[in-house]
Amino acid sequence: MMRAVILAAPSVDALDNPALSALLGLIVITLIMTLGVMFATWYERKAVARMQQRLGPMRVGPWGLLQPIADTLKLVSKEGVRPASADRIAWDLSLAAIFVPAFLVLVAIPFTADWFVSPMDLSLLYILAVGGLSFIGFLLAGWGSDNKYALLGGMRAAAQLISYEIPMILSMLAVVMVVGSADVYRIILYQDVVPLIVWQPLAFIIFLTATIAELERQPFDIPTGESEVAGGVFIEYSGIRWSLFQLTGYVNMYAYSLLGAFVFLGGWEWPFGTDIGWGYQLLLTMVKMALFIVFFLWVRTSFPRLRVDQLMSYAWKVLLPFALAQIFLNGLVLVYDLPDVVLLATSGGGALALCWLVYSVVRVKPRQPLRMVGNVPATAPGSVSG
Amino acid sequence: MTLLFFYVMAGTILAGALGVVLVRNTVYAALFLIMSLLGVAGLYILLSSEFLALVQVLVYGGAVMVLLVFALMLTRVHELDKKMSGDQWPLGAVAALALLGAFIGMWTQTDWPRDPDQVTLVPFATIGDALFNRWSVPFEIVSLVLLVALAGAIIIAMQEEGER
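Residues numbered from 1 in each chain as written. Chains lettered and ligands numbered in written order. Predicted model: local features only at pLDDT ≥ 70, side-chain atom pairs only at ≥ 80, totals over all residues. Heavy atoms only, no water.

## Quick notes on the overall build of chain A
Rule in force here: Comment: elements are numbered from the N terminus, with helices defined as DSSP H or I runs of at least four residues and strands as E runs of at least two. Radius of gyration here is computed from C-alpha atoms only, and the compact-globule reference equals 2.2 Å multiplied by the residue count raised to the power 0.38. Throughout this description, buried means an accessible area under 20% of the type-specific maximum (1.4 Å probe, protein chains only), exposed means over 50%, and partly exposed covers the range between. By definition in these notes, contact holds between two residues if any of their heavy atoms fall within 4.5 Å. Here the open area of atoms and residues is found with the Shrake-Rupley method and a 1.4 Å probe, where only the protein chains shown may cover a residue. Here the positive residues are Lys and Arg and the negative ones are Asp and Glu; neither His nor the chain ends is included. Where a charge sits is defined by one atom per residue type, namely NZ (Lys), CZ (Arg), CG (Asp) or CD (Glu).
Counting its regular elements, chain A contains 15 helices and two strands. For a compact globule of 386 residues, the expected C-alpha radius of gyration is about 21 Å, and chain A comes in at 23 Å, within 12% of that figure. Principal-axis analysis of the C-alpha atoms places the extent of chain A at approximately 90 × 65 × 45 Å. A burial count over chain A gives 49% of its 386 residues as buried. A separation threshold of at least 6 residues defines the contact pool for chain A, and within that pool the share at least 24 residues apart is 76%. In the structure as shown, chain A presents an accessible area of about 18,700 Å², 68% of it carried by carbon and sulfur atoms. Once the 24 positive and 24 negative side-chain charges of chain A are each reduced to a mean point, those two points are 16 Å apart.

Next comes the structure, spelled out in structure tokens:
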């Protein structure tokens, strides 16, 4: 198996110095990701507009394609305002604390079979651990801005990110149990015939839900909700700093989508195998990643924002027990050496139970006819429980 | 090269640890704490135990975050610069010195391997095997103790809320 460190340009491969080649790889990935994010902002506006029967950006360039460039120029040239009472160190450090881990995560991601920055035995654990470091930045930004809404948003971000990290790690652990390795590369190779979404649908659903919460995207955008905390931790940031926060959000979206595509959809391995060449592999990876991103946008336009207590109890009372049950059942399958079909049966049953539970709670109950006592209704009109 | 990394990491750990103790501002103290803990993770990587390093980052990243939340909820910004020491500081000093003595004792008693080439690399599957097969009963007892502590904390918090 070829696992050499191969970078974008073949000449880079000739470098013997590992530190220098790693630095070059980071620079290449950072540039590609920044351009990708610029396109993603355009695509998000277009896709959401399409779902809401609008046109979206149309003025700058054909179909508004040059809009992200105009936006970037505007944001970079804007004046960066810092509140006089803000804590200088926390204010500036929070940017780095959010920005750096998001890009460090990309180091461990194998884009094709032999196109990545650094091979690692524990790359899945690395992605989860380093990605989790950025949480501190949200709290720092909230506290350092010296703004009530920013602090509220920071506290909400802290609670939400810590809570949803646990079901996410547990769902990944279930997959690691099935594969027997915490290396993303091995997990991809394991799926040469059947992708893991078939064997572990419950873990997939938990991962998908926790991902939307970790990315703070709608309907889990409680830390940044405009109508509640007026933008949350980013409220005092403007110009280039604000755009760095936004950039990081989109980079995280790419990273988690790639992770989902690799771990559950088979990445570049399924369904064509390793031998189809890196071009097709990259295409396959990108298509699977795009599926996740389109799903996130679809969810964004479809569901209203949750309440804080609903969000927290969903993580702790619903997702966590289901994730633990999944791990326990996987352990039984491993210990007694049962066939893989049992995995599908238990996990699929769990996934159906989870979906039924969510549906039974959120479905709109049929209206009861009002019972009148005198001139007032006896009970409040049938309310939508959440 | 390895020696250089070691000194950088050791300097990070020491500077972070000193910062935690010496800085008055609780938020900065928490930041210095994560600097120190990340330095320890770097040392683990130098010792070729990536699993420990990543678990260190994963666990203490979240732990420092919770610490920050407590620091924000239990202190006020204009009180941050006040001197915070109560009557129990001699007891604290005795406990800290006793712990230091225990560590120094352990350090002198242990037979450290002098040759870096003789250090055996432990793959993380072996760690899991040791935890869940060989030492499964102590592992379960530790988990139970943590669970009891968690339940106790929740019960104490619930009672306080009910009293109000």
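## Some remarks on the domain arrangement of chain A
All names here are of chain A. Our working rule: An automatic or database domain assignment supplies the residue ranges for each domain. Two parts lose some accessible area (1.4 Å probe) when they are put together, and adding that loss for both gives the buried area.
Taken domain by domain, chain A holds domain 1 (13–77) and domain 2 (80–363). Computed from C-alpha atoms alone, the centre-to-centre distance between domain 1 and domain 2 is 21 Å. Facing 19 residues of domain 1, the contacting portion of domain 2 comprises 19 residues. The three residues of domain 1 that bury the most area against domain 2 are M33, E44 and L75, which together make up 32% of that side's buried surface.

## As for the side chain of N330(A)
Residues and elements named next belong to chain A. Spelled out, the test is: As used in this structure description, the phrase polar contact means that two N or O atoms lie within 3.5 Å; if the pair is within protein, one of them must be able to donate a hydrogen and the other to accept it, and residues adjacent in sequence are counted only when both atoms belong to side chains.
Tracing the backbone shows N330 in helix α14 (residues 308–335). At a separation of 3.2 Å, a polar atom in the side chain of N330 contacts the main-chain carbonyl oxygen of A174. Those residues in contact with N330 that lie beyond four places of it in its chain are A174, M177, V178, Q200 and L343.

## Here's the deal with the pattern of salt bridges
Side chains that differ in sign of charge can pair as their charged atoms come close. Residue and element names in this part refer to chain A. Formally: By definition here, a salt bridge exists when the distance from a side-chain nitrogen of Lys or Arg to a carboxyl oxygen of Asp or Glu is within 4 Å.
Enumeration according to the criterion identifies seven salt bridges over all chains in this entry. Ionic pairing is found between D71 and R45, a salt bridge with its closest N-O pair at 3.3 Å. Residue D71 is found in helix α3 (residues 67–77), and its partner R45 is found in helix α2 (residues 18–51); the two are separated by 26 residues along the sequence. Salt-bridge contacts for D309 lead to R307; the nearest nitrogen and oxygen are separated by 3.0 Å. Overlapping salt bridges bring together E44, R217 and R300 as one network.

## What to know about the environment of L144(B)
Looking at the element boundaries, L144(B) is found in helix α6 (residues 136–163). Residues L144(B) and V21(B), 123 residues apart in the sequence, show an inter-C-alpha distance of 32 Å.

## Side note on the interface of chain B and chain A
To be explicit about the condition: Gly is put with the polar residues, along with every residue not named as nonpolar or charged; the nonpolar set is Ala, Val, Leu, Ile, Met, Phe, Trp, Tyr, Cys and Pro, and the charged set is Asp, Glu, Lys and Arg.
Contacts between the two partners involve 23 residues from chain B, matched on the other side by 21 residues from chain A. Summed over both sides, the interface between chain B and chain A buries roughly 2,000 Å², with carbon and sulfur atoms accounting for 91% of that surface. Considering only the surface of chain B that becomes buried against chain A, L54(B), L58(B) and M65(B) emerge as the three largest contributors, covering 33% of it. Remark: the boundary between chain B and chain A carries zero salt bridges. Here chain B and chain A share one residue pair in polar contact (both at pLDDT 80 or more) between them. Contributing elements (two or more residues each) for the side of chain B that touches chain A: α2 (26–46) and α3 (50–74) of chain B. Here the side of chain B that touches chain A takes 14 residues from α3(B), the largest share from any one element. In terms of residue class, the side of chain B that touches chain A is built from 19 nonpolar, three polar and one charged.

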